[in-house]
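Report on the structure
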Amino acid sequence: MKPLGLNDFHTRWSRYGDRVLAAVDRVGQSGRLILGSEVSRFESELAQWWGLPSCVGCASGLDALEIGLRCAGLQPGDKVLTTPLSAFATALAVTRAGGVPVFADVDASGQLDLELAESALADHSNVRFLVPVHLYGHALDLERLRALRERFSLRIVEDCAQAIGARSRGVVVGSVGDFAATSFYPTKNLGAFGDGGAVLTGSEPGAELARQLRDYGQSGKFEHAHLGLNSRLDELQAAILGRVLLPELAGFTRRRAEIAQRYRAGIQHPMLSLVPPPAGSQSVWHLYPILVAGDRASLQRHLERADIATGVHYPTLIPDQPVFRDRALELSLTPLPRARLFAECEVSLPIHPFLSDEDVDRVVEACNGWSA
Ligand SMILES: *Cc1c(COP(=O)(O)O)cnc(C)c1O
């Protein structure tokens, strides 16, 4: 049987390889490899697609988060509230920007619980930065996020690495925070042929600072007003993203949503529960998480035998990572029982846009046929 992976880069290449090579050829012919017209063209296209005024391409999602936090005014030692259930990069960016990540538990959708966040912020007046993560491609409740922002005068950098284009009751993710950060890591919904990321913002001075920070902190040629990074998006990646993949993103997202719908309708097993999106979320389905009551590894082995790949997002909470473990209690503003449940029970099913209906049905049947 055809193996079903979490991603299918071979099919992507067979469908878009010619256009990717044409984009590469264009850059080669131009003779400009760094911060040329392909980067600025892609930045304005993505900003327009997203509906935010400014976009600054950089080298990764991690860097985009760090740059966003620095632009938002994070100072060394500042605490930043975020979720314990995310890619490690979310918390790593906080520490790289000089901050200290602190954690509150997640809700039934696996997202930072905004109600708990609200009481944690009320109890800890020294926490005034927030990095909400739109996990799995869902959108957090943005009305609530806006209310939190106003109540506590928060500075917010939204982690949109998994949620490009997701909306909450019509409002696009990234538009409530001061900055949005996203990633073009190959597995992401808008995945490059290598690393990449971007910061988006409604603040033109903020965007200008981000442009300086990604380029050694240069405020003018050979003039360094800041200690920046080398974090530029390559012309090659920008050309591929802008000319080949961004125009396909709406179609890819539609297909992901169809697959999610097929899973929702098809998966019926007493030991498997679907993870509900947050209320009002128009999700882009980066991942398809389910929760397994019982032996998760047994389900994964069962699917593996049917040539179906699975993932776990994420098996270890960020505060439980070795580098934070000694301080896990101090960094956790609330107990984390729900996040722990996700860490122990979550399994991600394949949901990339190149799956056929038959492929999806194979996954559904295999799930339903699992004898726990
Ligand atoms: C992938 C990811 C990142 C990091 O992006 P990179 O481009 O790999 O640095 C950050 N946050 C989340 C939620 C992610 O999924």
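Just so we're clear, the structure is a prediction, and the values are computed from it rather than from any experiment.

Before going further, it helps to examine the overall build of the protein. Helix and strand counts for the protein come out as 13 helices and 15 strands. In terms of overall dimensions, the protein is globule-like: its C-alpha atoms have a radius of gyration of 20 Å, near the 21 Å expected for 372 residues. When its C-alpha atoms are laid out on the principal axes, the protein stretches across 65 × 55 × 40 Å. When each of the 372 residues of the protein is scored for burial, the buried share is 55%. Residue pairs in contact within the protein that sit at least 24 positions apart in sequence constitute 73% of those at least 6 positions apart. When the accessible surface of the protein is summed, it comes to about 15200 Å², and 51% of that surface belongs to carbon and sulfur atoms. Of the side chains in the protein, 37 bear a positive and 43 a negative charge, and the two mean positions are spaced by 1 Å.

Considering the arrangement of structural elements, one finds Gly 17 in helix H1 (residues 9-30). When its relative accessible area of 3% is taken as the criterion, Gly 17 is described as buried. Put simply, Gly 17 and Ile 240 are 223 residues apart on the chain and 10.0 Å apart in space, counted from C-alpha to C-alpha.

On to the site of the ligand, then. In the vicinity of the ligand, 15 residues are found, and the nearest of them are Gly 61, Leu 62, Asp 159, Ser 183 and Lys 188. One of the backbone nitrogen or oxygen atoms of Gly 61 is found 2.7 Å away from an oxygen atom of the ligand. Relative to its unbound accessible area of 380 Å², the ligand is 89% covered by the protein chains. If you list the elements that add at least two residues to the shell around the ligand, you get helix H3 (61-71) and helix H4 (88-96). Across the shell around the ligand, the residue classes break down as six nonpolar, seven polar and two charged.

Before going further, it helps to spend a moment on unusual backbone geometry. In this chain, His 313 is followed by Tyr 314 through a cis amide linkage whose omega measures 10°. Note on placement: Tyr 314 falls in the loop between helix H9 (296-305) and helix H10 (322-325). A positive phi is found at Tyr 216, a non-glycine position, where the angle reads about 65°. Unusually for a residue other than glycine, Trp 285 sits at a positive phi of about 50°.

The next thing to look at is the packing of helix H8 (residues 235-266) against helix H13 (residues 357-368). In contact at an axis separation of 10 Å, H8 and H13 are set at 30° when each is read in the N-to-C sense. In terms of their interaxial angle, H8 and H13 are classed as roughly parallel. Once H8 is placed against H13, the crossing between them reads as right-handed. Along the contact surface, H8 presents Arg 255, Ile 259, Arg 262, Tyr 263 and Gly 266, while H13 presents Asp 357, Val 360, Asp 361, Val 363, Val 364 and Asn 368.

Another aspect to go through is the pairing of strand S1 (residues 54-58). Among the five residues that make up S1, five are buried, leaving the element largely enclosed by the rest of the structure. Side chains Ser 54, Val 56 and Cys 58 of S1 all project onto a buried face; the interleaved residues Cys 55 and Gly 57 project onto the opposite face, where all are buried too. As paired elements, S1 and strand S9 (residues 197-201) share five bridges and run antiparallel to each other. From the neighbouring strand, Cys 58 faces S9, where its bridge partner is Gly 197.

Here the focus is the nonpolar core. With 36 residues, the main nonpolar core has Phe 42, Leu 46, Trp 50, Phe 184, Leu 190 and Leu 200 as its most contacted residues. Sorting the residues of this core by element identifies H1, helix H2 (37-50), S9 and H8 as the ones contributing at least two each. Contacts of Leu 190, omitting those with residues within four sequence positions, involve Phe 42, Leu 46, Ile 164, Ser 183, Phe 184, Leu 241, Leu 245, Leu 246 and Leu 249.

As for its position among the elements, Ser 54 is in strand S1. A relative accessible area of 7% means that Ser 54 is categorised as buried. Among the polar contacts listed, one links the side chain of Ser 54 to the side chain of Glu 204, at a separation of 3.0 Å. Leave out the neighbours within four places in its chain, and Ser 54 touches Ala 47, Val 199, Leu 200, Thr 201, Glu 204, Ala 207 and Arg 211.

Turning next to the pairing of strand S15 (residues 346-349). Here S15 shows a buried face lined by Glu 346 and Ser 348 and a second buried face lined by Val 347 and Leu 349. When strand S14 (residues 288-292) meets S15, the two strands line up antiparallel, connected through four bridges. From the neighbouring strand, Ile 290 faces S15, where its bridge partner is Val 347.

Basis of the calculations
Residues numbered from 1 in each chain as written. Predicted model: local features only at pLDDT ≥ 70, side-chain atom pairs only at ≥ 80, totals over all residues. Heavy atoms only, no water. Helix = DSSP H or I, 4+ residues; strand = E, 2+ residues; numbered from the N terminus. Rg over C-alpha atoms; globule rule 2.2 N^0.38 Å. Buried < 20%, exposed > 50% of the residue type's maximum accessible area, 1.4 Å probe, protein only. Contact = heavy atoms within 4.5 Å. Areas by Shrake-Rupley, 256 points an atom, 1.4 Å probe, with all protein chains shown as cover. Lys, Arg positive; Asp, Glu negative; His and termini not counted. Charge placed at Lys NZ, Arg CZ, Asp CG, Glu CD. Near = heavy atom within 4 Å. Polar contact = N/O pair within 3.5 Å; in protein donor to acceptor, adjacent residues only side chain to side chain. Nonpolar A, V, L, I, M, F, W, Y, C, P; charged D, E, K, R; others polar. Axes fitted to C-alpha atoms, helices over the stretch in contact; angles between N-to-C directions. Parallel < 35°, antiparallel > 145°, perpendicular 65-115°, else oblique. Left-handed = near helix turned anticlockwise from the far one by under 90°. Pairing = 2+ DSSP bridges. Core = buried A, V, L, I, M, F, W, Y, C linked by side-chain atoms within 4.5 Å.

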